[in-house]
Structure formats: C-alpha cells, structure tokens
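Structure assessment
Each chain, written out:
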Amino acid sequence: MAATMKGPVAVEDVNVTFEDQQKINKFARNTSRMTELKNEIEAKKKSLQNLQDASDDLMMLDDDALLIPYQIGDVFISHTQEETQEMLEAAKEALEQEVKGLEDRVSAIQQVLGDLKVQLYAKFGNNINLEADES
C-alpha cells in the first residue's frame, strides 16, 4: 500500500547563520526606511501641488497693486504680486530638489534590497518571503 502525502510539501530545514540574520535584519530596516521615504515623497509632492495651485491662482489676479500675504513660519507677510510669485517659484524649486534627493535615496535602497533578495532567495528559496504585503 502506497502512502500519499496530502497538504503542503514538507519544507526543508535551513540553518540560519548570524550573517543570514544580519542580512534579513538589514532587509527589514531598508524596507521600512523605503516606506517612510515614499510617504515623505507623497507629502512633499502634495505640498508642491499646493504651491503650483497658489502660483496659478496668483497669475489670475488682475490687480498688480494688491499686496499678497505670504506665510513664513507662523507669520504672514504682505508682498507685491511679483515678489510673492518669485517666492513661490523659489519654494517650488527647493521642494523639487528635496523630492529628487528622496527619490535618489529610494532608488539606492531599492538596489540594496534587490541584492539582498538575490542572496537570501539563493540560500533559503521558498522558505523565506521577502515580498511586501499589499495591505
């Protein structure tokens, strides 16, 4: 009489060394950091869109003599339309540079994660799950 195996196939035991654990921890830290950076990029892109909307609204004004309040910290300072437009452009450029820097950091982290995935999957195969949860 032949025995049949039902359910999942038995998983082979793989010995986890200290170096393997360090790689797994590094993968987890980098994944967490990448998520934080992506959230920060989203927030900065939203701020960038708000600055663009303010700039567009400012262009639609007819009265050039009107003083526009511009927030610096907790204080609003009134400026001419041209000065306010220049300040908005400067703020947009600074924010775009910050977003670019964050995106560069995300790319670097993705490269590190890719290398770690290759190493960890090579050793552990299907015994390890390194894919992000879609929750």
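Going along each chain's sequence as written, the residues are numbered from 1 onward. The model is predicted, so local features are restricted to residues of pLDDT at least 70 and side-chain atom pairs to those at 80 or more, both for listing and for counting; the totals for chains, interfaces and linings are taken over all residues. Side-chain numbers here rest on the full set of heavy atoms in the structure, without hydrogens or water.

- The protein goes by Prefoldin subunit 4 in an unreviewed UniProt entry, where it is assigned to Sphaeramia orbicularis.
- UniProt positions are given in the numbering used here, feature names are shortened, and annotations may be inferred rather than shown by experiment. UniProt lists a comment for the protein under the heading Function (unreviewed entry), and it reads "Binds specifically to cytosolic chaperonin (c-CPN) and transfers target proteins to it. Binds to nascent polypeptide chain and promotes folding in an environment in which there are many competing pathways for nonnative proteins."
- Here the protein is described in UniProt, under the heading Subunit (unreviewed entry), as follows: "Heterohexamer of two PFD-alpha type and four PFD-beta type subunits. Interacts with URI1; the interaction is phosphorylation-dependent and occurs in a growth-dependent manner."

1. Some remarks on the nonpolar core
- Among the buried residues, those of types Ala, Val, Leu, Ile, Met, Phe, Trp, Tyr and Cys that are joined through side-chain atoms within 4.5 Å form a nonpolar core. The cut-offs for exposure are 20% and 50% of the maximum accessible area for each residue type, with area from a 1.4 Å probe on protein chains only; residues under the lower value are buried, those over the upper are exposed, and the others partly exposed. The biggest cluster of nonpolar side chains holds 14 residues, and the ones touching the most others in it are Phe27 and Leu120.
- The helix count covers DSSP runs of H or I at least four residues long, the strand count covers runs of E at least two residues long, and both are numbered beginning at the N terminus. Considering each element in turn, this core owes the most residues, eight residues, to helix H2 (residues 81-124).
- Once you skip the residues sitting within four places of it in the chain, Leu120 turns out to touch Asp20, Lys23, Ile24, Phe27, Gly125, Ile128 and Leu130.
- Counting residues in each nonpolar core, the second largest holds seven residues, with Leu48, Leu51, Leu58 and Ile68 among its members. Should any heavy atoms of two residues lie within 4.5 Å, those residues are counted as being in contact.

2. Let's talk about the pairing of strand E2 (residues 75-79)
- DSSP bridges decide pairing: two strands pair if at least two such bridges lie between them. As paired elements, strand E1 (residues 68-72) and E2 share five bridges and run antiparallel to each other. When the bridges of E2 are listed, Pro69 appears paired with Ser78.
- Taking the residues between adjacent antiparallel strands as the criterion, E1 and E2 are bridged by two residues, where Gly73 takes a positive phi near 70 degrees.

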